[in-house]
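Listed below are the residues making up each chain.
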Amino acid sequence: MNDEIMVSVSCMVYNHEKYLRKCLDGFVNQKTNFKFEVFVHDDASTDSSAEIIREYQSKYPDIIKPIFQTENQYSRKVNIAWEIVYPKFSGKYMAICEGDDYWCDCSKLQKQFDIMEKHPECVICTHGVRKINEDGSMTDELYSLDVKCDTMFSKREFLEMMTSVEHYPAQTSSYFIRMDVVRPWLKKRPDFMYARTAGDIKLLMLLATQGGLYHMADVMSCYRVCSIGSCTHRFKNNNDLRISNYENNIKLYEKFDTYTNFEFHESIEKVKDKMKFDIYEVKYDLKNMKQDKYKEYYYKIKPRRRLLYHIEYYVPGLGKQMRKIWDKLKAENR
């Protein structure tokens, strides 16, 4: 085995004690013909996450490389990945997995490494991801591109993907990225990369301007839906946060439109319209939701929910009573 580190892994942790062992096991159980390192960043967790990380570090000192914070960096609006973790990477490639998700294929890194070695025109390799419930039980849902076999997408196709309404090619735990594309941007990134948004959409946008994407049909990781403390969990219970995130994403797309010299302006405008519709839905602004320009999005709402909106629009009093009952039932089932 070559002594050179070939893959560096980023794992962000905050109060993930409930899920963390599953995640760390997914790292240390990887079977590769190369060396890899895992930087586990604990953002001043208040549970036993740090102790679990230290336990794994003592068992696997050549793999697990902790970064412990005494003050929460996220609350200080520090870009932890770009300012703290990525600069420490020595690998030719990087992979990502949050502390509440996990890899379920012990050959994941090796498979993606082999693909990227064969396809230098690609800057990222992704794969299918299984959605699991917060308690770890499996669902039938996948985060995956609608392809039946391994498929390569050109830089142009990748850019078109990132500027369309259905834009997300895969979930973060599947990312395997060429580091020589990332390193030049560590000190200074394009303006759109500084937008205050959740998720890794900005990283994908940047990568799409640099090369192609290779998507593997294999399902090799699991994404935990609405895990405690996650963005999806916080957004689900806070409409103001959801609206703010949509608004920030609109600003992100406006900046990316400028960065790409308005080459994808028409499709980006559609993305912005979809996000504006989502804001109206969170606000229960039925008048704006029913504008002709949003018709295609309105009719994609689940029929039962759409019926509720329809009743509230034409019979406001009855609709509001039905909505209270609906929201109460949803809250009880969370």
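Up top you'll find the structure we're talking about.
Throughout, residues of each chain are indexed from 1 in the direction in which the sequence is written. Only residues with pLDDT of at least 70 get local features here, since the model is predicted, and only at 80 or more are side-chain atom pairs given and counted; chain-wide, interface and lining totals rely on the full set of residues. Hydrogens and water are ignored here; the side-chain numbers use all heavy atoms of the structure.

Some remarks on the overall build of the protein
Then step 1. The helix and strand labels rest on DSSP assignments: H or I over at least four residues marks a helix, E over at least two residues marks a strand, and numbering proceeds from the N terminus. Per the secondary structure count, the protein includes 14 helices and 10 strands.
Then step 2. For 334 residues, the compact-globule estimate of 2.2 N^0.38 gives 20 Å, and the C-alpha radius of gyration of the protein, at 21 Å, lies within 12% of that figure.
Then step 3. Projected onto its principal axes, the C-alpha positions of the protein cover 70 × 45 × 40 Å.
Then step 4. Within the protein, the proportion of its 334 residues that are buried is 50%. Put simply, the radius of gyration uses C-alpha atoms, and a globule should come to 2.2 Å times the residue count raised to 0.38. Buried residues are those whose accessible area, probed at 1.4 Å on protein chains only, stays under 20% of the maximum for their type, while exposed residues exceed 50% and partly exposed ones sit between those limits.

Comments concerning the packing of aromatic side chains
To describe a pair of aromatic rings, one takes the distance between the centres and the angle between the planes.
Then step 1. For Phe, Tyr and Trp, rings pair up if their centres lie within 6.5 Å, where Trp contributes its six-membered ring, and each pair is then called stacked (planes under 30 degrees apart), edge-to-face (over 60) or tilted (otherwise). Counted under the stated rule, the structure contains 18 aromatic pairs.
Then step 2. With centroids separated by 5.0 Å and ring planes inclined at 75°, the aromatic side chains of Phe 192 and Phe 256 adopt a geometry described as edge-to-face. Of this pair, Phe 192 sits in the loop between α6 (179-182) and α7 (201-208) while Phe 256 sits in helix α9 (residues 239-259), placing them 64 residues apart in sequence. Note on accessibility: Phe 192 and Phe 256 belong to one class, buried.

Concerning unusual backbone geometry
Then step 1. Its identity is not glycine, yet Lys 77 carries a phi of approximately 65°, on the positive side.
Then step 2. The residue Lys 77 is located in the loop between β3 (64-68) and α3 (80-85) in this model.
Then step 3. Classification of Lys 77 by relative accessible area gives exposed; the value is 63%.
Then step 4. Even without glycine at this site, Asn 261 takes up a positive phi of about 55°.
Then step 5. With respect to the helices and strands, Asn 261 occurs in the loop between α9 and α10 (265-282).
Then step 6. We classify Asn 261 as exposed; its relative accessible area is 64%.

What to know about the packing of α9 against α10
Packed helix pairs are characterised by how far apart their axes lie and by the angle those axes make with each other.
Then step 1. Between α9 and α10, whose axes approach to 10 Å, the crossing angle comes to 170°. Here α9 lies roughly antiparallel to α10, going by the angle between them. On α10, the residues touching Asn 239, Arg 242, Ile 243, Tyr 246, Glu 247, Asn 249, Ile 250, Tyr 253, Glu 254, Phe 256 and Asp 257 of α9 are His 265, Ile 268, Val 271, Lys 272, Met 275, Lys 276, Asp 278, Ile 279 and Val 282.
Then step 2. Grouping the amino acids of the contact of α9 with α10 by side-chain chemistry returns 10 nonpolar, three polar and seven charged. A fitted line through C-alpha atoms represents every axis, and for helices the fit uses only the stretch in contact; the resulting angles, taken between N-to-C directions, go from 0 to 180 degrees. With respect to orientation, any angle under 35 degrees is reported as roughly parallel, any angle over 145 as roughly antiparallel, any angle of 65 to 115 as roughly perpendicular, and every other angle as oblique. It only takes one pair of heavy atoms within 4.5 Å for two residues to be counted as in contact. Under the convention adopted here, Pro, Cys and the residues Ala, Val, Leu, Ile, Met, Phe, Trp and Tyr are nonpolar, Asp, Glu, Lys and Arg are charged, and Gly plus all remaining residues are polar.

Quick word on the packing of α7 against α9
Then step 1. For the pair α7 and α9, the least separation of the axes is 12 Å and the interaxial angle reads 10°. Judged by the inter-axis angle, α7 sits roughly parallel to α9. As α7 runs across α9, the sense of the crossing is right-handed. Contacts between α7 and α9 involve Ile 201, Lys 202 and Met 205 on the former and, on the latter, Asn 249, Leu 252, Tyr 253 and Phe 256.
Then step 2. Of the residues assigned to the contact of α7 with α9, the class counts are five nonpolar, one polar and one charged. When the near helix sits turned anticlockwise from the far one by under a right angle, the crossing is termed left-handed; a clockwise turn instead gives a right-handed crossing.

With respect to the side chain of Gln 30
Then step 1. Within the secondary structure, Gln 30 sits in the loop between α1 (20-28) and β2 (34-42).
Then step 2. Judged by its relative accessible area of 7%, Gln 30 is buried.
Then step 3. Polar contact is the term for a pair of N or O atoms within 3.5 Å; when the atoms are in protein, one must be able to donate a hydrogen and the other to accept it, and sequence-neighboring residues count only if both atoms are side-chain atoms. Here the side chain of Gln 30 touches Lys 108 through a polar contact of 3.3 Å, landing on its backbone nitrogen.
Then step 4. Beyond its immediate sequence surroundings of up to four residues, Gln 30 is in contact with Phe 36, Trp 103, Asp 105, Cys 106, Ser 107, Lys 108 and Leu 109.

Here's the deal with the nonpolar core
Then step 1. Of all hydrophobic cores here, the largest spans 49 residues; its most connected members are Trp 82, Val 85, Tyr 86, Ile 124, Phe 158 and Ile 177.
Then step 2. Elements represented by at least two residues in this core include exactly α3, β4 (93-96), β6 (122-132), α5 (155-162), α6, α7, α9 and α10.
Then step 3. At seven residues, the largest contribution of residues to this core is made by α7.
Then step 4. When residues no more than four places from it in sequence are discounted, the contact partners of Phe 158 are Val 123, Ile 124, Pro 169, Leu 204, Leu 207, Ala 208, Gly 211, Gly 212 and Leu 213.
Then step 5. Residues Leu 24, Val 40, Leu 109 and Met 216 belong to the second largest nonpolar core, which totals 33 residues. Think of a nonpolar core as a cluster: buried Ala, Val, Leu, Ile, Met, Phe, Trp, Tyr and Cys residues, connected wherever their side-chain atoms sit within 4.5 Å.

Everything listed here is a matter of coordinates, which is why it stays silent on function.
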